[in-house]
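Listed below are the residues making up each chain.
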Amino acid sequence: MTRAARKGPTVRIHNLGCGKNAVDAEVMAGLLSEGGFLLVPGGRADAAILNTCGFVRAAKEESIEAILSLAAEKRRGRIRRLVVAGCMAQRYRDELPELLPEVDLFLGPGDIPGLPGRLASILSTVGPSPDGFPPRPLSGGGALPDEAYGHRLPEAGTGSAFLKILEGCDNRCAYCAIPAIRGPLRSRNRDSLLAEARLLVRRGARELNLIGQDITAYGLDRREKGGLVSLVRALCAVRGVRWIRLLYLYPSRVDDGIVELLRSERKVCRYLDVPVQHIDPGILRRMGRTYGPDAIYRMLDRLRNGVPGLFLRTSLIVGFPGETRAAFDRLLRFVDDARWDYLGVFPYSREEGTSAFGMPSQVPERTKEERARRVRDAQADLLAARNASRVGQTLDVLVEKTGARGKAVGRHRGQAPEVDGSVILSGFDGKPGSIVRARVTGAREWDLRGVVLRSGSTESD
């Protein structure tokens, strides 16, 4: 985070976790900037804010390591106050203040609107946080109020931005702590989202990546039918938006309306992220997923037959309680049969407060890691072959970074930010945020290489 008022206390914001957390961090940046704080990217600062992830064990460990690192900076005098925000602060709101006394303030996502005032108060004192401002989070809850998004200060210069269209989740999957952290489903106001989209465009975004724990649930809390499709069509009408990407769709809600949307709206990338998690029927039932293997295969057939050129990503969990060798072998065959364009695989993380935590037949950690490795290896072979088949194709590429001698890095429509690899370009003479036409000249396991055919934008509103 950079840029704010010319004078005022200096603040560093460090963000961990998913795109939803990145949006929250940008809201914090905007609120602080409006409140007279100076946002700095590094070095000495009056305060450091760490926005944490608390979803699975690995994310919690990363968050704790980052807190301890910042606490060491505080002891050396590089920062005066340390603030811990985000999902882990919300999830362990009762335990963390005693475990981490070096932290001056804890904030759940719902407490973010009060950040400028609380930070000003603790910076105005010497020594421990003053009475009346204990480090325990307030009762704001796990979700930002809708009006807070209007203060968002997006990062500029990459041409891409996340747009969080809802908070919380009602799916209640057995392995997932998100409903306990972020609360029930709350769809954001459509006018607020359209205003935020226009703000993102003014800051240079050409691509909007729609995110939420399950974006197909958008509008269900208001009993709105076809809410996601209607919202996306409205976003397509926002001047300056070039690409719209749909991330995190619940498989059983991928219906004909979404197929028609992908087929008819030019700005909507023919790309879907649909986390199916497993294919074994017994494991799916234990997970609390509301579909079986036949429904997954029907969904894949409907999508591929209805939307030519569609890119598909999924996520899988291995080692869920009760996953036998036969159930895992079925999953491994599914990876080969379904031939996803992209796939993420995660060893099951046993999370307290979830219904899966106490399930019998827990799988040993070593077995989970080995099964995850086998899935990654199988998918890597598929991805390498698929990327090699793209050599010679011509693609539109959104440029995100530039280098010397015409070098640049970007993504084509079939690559989501941060997870699907990149297109490494030569012959580029423009600025980040441009969409250029490029010919693919080579491929690696994850990335493509290409040469720009002509500079400048290839698409208009």
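From a predicted model like this one, the values you see are computed outputs, not experimental measurements. (Residues numbered from 1 in each chain as written. Predicted model: local features only at pLDDT ≥ 70, side-chain atom pairs only at ≥ 80, totals over all residues. Heavy atoms only, no water.)

**Things to note about the overall build of the chain**
Across its full length, the chain carries 13 helices and 18 strands. Over its C-alpha trace the chain gives a radius of gyration of 23 Å, about what one expects of a compact globule, namely 23 Å for 461 residues. With the C-alpha coordinates aligned to their principal axes, the bounding extent of the chain is approximately 65 × 60 × 45 Å. Counting all 461 residues of the chain, 55% fall into the buried class. Residue pairs in contact within the chain that sit at least 24 positions apart in sequence constitute 75% of those at least 6 positions apart. Split by element, the accessible area of the chain, about 19,400 Å² in all, is 51% carbon and sulfur. (Helix = DSSP H or I, 4+ residues; strand = E, 2+ residues; numbered from the N terminus. Rg over C-alpha atoms; globule rule 2.2 N^0.38 Å. Buried < 20%, exposed > 50% of the residue type's maximum accessible area, 1.4 Å probe, protein only. Contact = heavy atoms within 4.5 Å. Areas by Shrake-Rupley, 256 points an atom, 1.4 Å probe, with all protein chains shown as cover.)

**Things to note about helix H11 (residues 293–306)**
Here H11 spans 20 Å end to end across 14 residues, near enough to the 20 Å set by a 1.5 Å rise per residue. Along H11, the residues classified as buried are Pro 293, Ile 296, Met 299, Leu 300, Leu 303 and Gly 306. (Expected span 1.5 Å × (residues − 1).)

**Some details on the nonpolar core**
One broad trend across soluble globular proteins is that nonpolar side chains are buried collectively. Among the nonpolar cores identified, the biggest contains 61 residues, and Ile 165, Leu 210, Leu 272 and Phe 334 are the most heavily contacted of them. The residues contacting Leu 272, other than those within four sequence positions of it, are Leu 246, Leu 249, Val 254, Ile 258, Leu 262, Leu 303, Leu 310, Phe 311, Leu 312 and Arg 313. Residues Ala 29, Leu 115, Leu 144 and Cys 269 belong to the second largest nonpolar core, which totals 38 residues. (Core = buried A, V, L, I, M, F, W, Y, C linked by side-chain atoms within 4.5 Å.)

**Considering the packing of aromatic side chains**
The full count for this structure, using the stated rule, is six aromatic pairs. For the ring pair Tyr 297 and Phe 334, a centre distance of 5.7 Å and an interplane angle of 85° mean the geometry is edge-to-face. Remark: Phe 334 occurs in helix H12 (residues 325–338) and Tyr 297 occurs in helix H11; sequence separation between them is 37 residues. Note on Phe 334: relative accessible area 1%, which makes it buried. Aromatic pair Phe 320 and Tyr 348: ring centres 5.2 Å apart, planes at 70°, arrangement edge-to-face. With a gap of 28 residues between them, Phe 320 in the loop between strand S12 (311–318) and H12 and Tyr 348 in the loop between strand S13 (342–347) and helix H13 (365–388) connect regions that are remote in the sequence. Of the two residues examined, Phe 320 and Tyr 348, each falls in the buried class. Counting every residue linked through ring pairs, the aromatic cluster contains Tyr 175, Phe 320 and Tyr 348. When the ring centre of Tyr 218 is taken as origin, the NZ or CZ atom of Arg 222, which lies over that ring, is 5.2 Å away. Sitting over the face of the ring of Tyr 271, Arg 245 holds its NZ or CZ atom 4.8 Å from the ring centroid. (Phe/Tyr/Trp six-rings, centres within 6.5 Å; stacked < 30°, edge-to-face > 60°. Lys NZ or Arg CZ within 6 Å of the ring centre and 35° of its normal.)

**A short note on the packing of helix H7 (residues 190–202) against helix H8 (residues 227–236)**
One way to put it is that H7 packs onto H8 with a least axis distance of 10 Å and a crossing angle of 35°. Judged by the twist between their axes, the crossing of H7 over H8 is right-handed. Packed against H7, whose contacting residues are Arg 190, Leu 193, Leu 194 and Ala 197, the element H8 presents Gly 227, Ser 230, Leu 231, Ala 234 and Leu 235 at the interface. Taken together, the residues of the contact of H7 with H8 sort by class into six nonpolar, two polar and one charged. (Axes fitted to C-alpha atoms, helices over the stretch in contact; angles between N-to-C directions. Left-handed = near helix turned anticlockwise from the far one by under 90°. Nonpolar A, V, L, I, M, F, W, Y, C, P; charged D, E, K, R; others polar.)

**Looking at the sheet that holds strand S3 (residues 45–52)**
The parallel open sheet is built from five strands, whose spatial order is S2-S1-S3-S4-S5. Looking along the sheet, the strands with just one partner apiece sit at the ends: strand S2 (38–39) and strand S5 (105–107). Pairing geometry for strand S4 (residues 79–86) and S5, over three bridges, is parallel. Among the inter-strand pairings, Ala 85 is bridged to a residue of S5, identified as Leu 107. Contacts from helix H2 (residues 57–75) reach strand S1 (10–15), S3 and S4 within the one sheet, and its direction differs from that of S4 by about 165°. Where helix H5 (residues 115–123) meets the sheet, it contacts S1, S3, S4 and S5, and its direction lies at approximately 175° from that of S5. (Pairing = 2+ DSSP bridges.)

**Some points on the confidence of the model for the chain**
In the predicted model, the chain carries a mean pLDDT of 91, and 94% of its residues have values of at least 70. Note on residues 1–5: pLDDT is under 50 here. Beyond four places in sequence and across chains, it has 23 contacts. Predicted confidence is poor over residues 130–134, with pLDDT under 50, and the contacts of this stretch with residues over four places away or in other chains come to eight contacts. (pLDDT = per-residue confidence, 0-100.)

**Notes on the packing of H8 against helix H9 (residues 256–264)**
Relative orientation of the contacting elements H8 and H9 amounts to 15°, with a least axis distance of 9 Å. Judged by the inter-axis angle, H8 sits roughly parallel to H9. Crossing of H8 over H9 shows left-handed handedness. Here H8 contributes Leu 228, Val 229, Val 232 and Arg 233 to the contact with H9, which in turn contributes Gly 257, Ile 258, Glu 260, Leu 261 and Ser 264. Grouping the amino acids of the contact of H8 with H9 by side-chain chemistry returns five nonpolar, two polar and two charged. (Parallel < 35°, antiparallel > 145°, perpendicular 65-115°, else oblique.)

**Some remarks on unusual backbone geometry**
The general pattern is negative phi for most residues beyond glycine and trans for most peptide bonds. Phi angles above zero are rare outside glycine, and Arg 172 is one such case at about 55°. With respect to the secondary-structure elements, Arg 172 resides in the loop between strand S7 (166–167) and helix H6 (178–182). Positive phi outside glycine occurs at Ser 361, with the angle close to 60°. Relative to the elements of secondary structure, Ser 361 occurs in the loop between S13 and H13. Classification of Ser 361 by relative accessible area gives exposed; the value is 51%.

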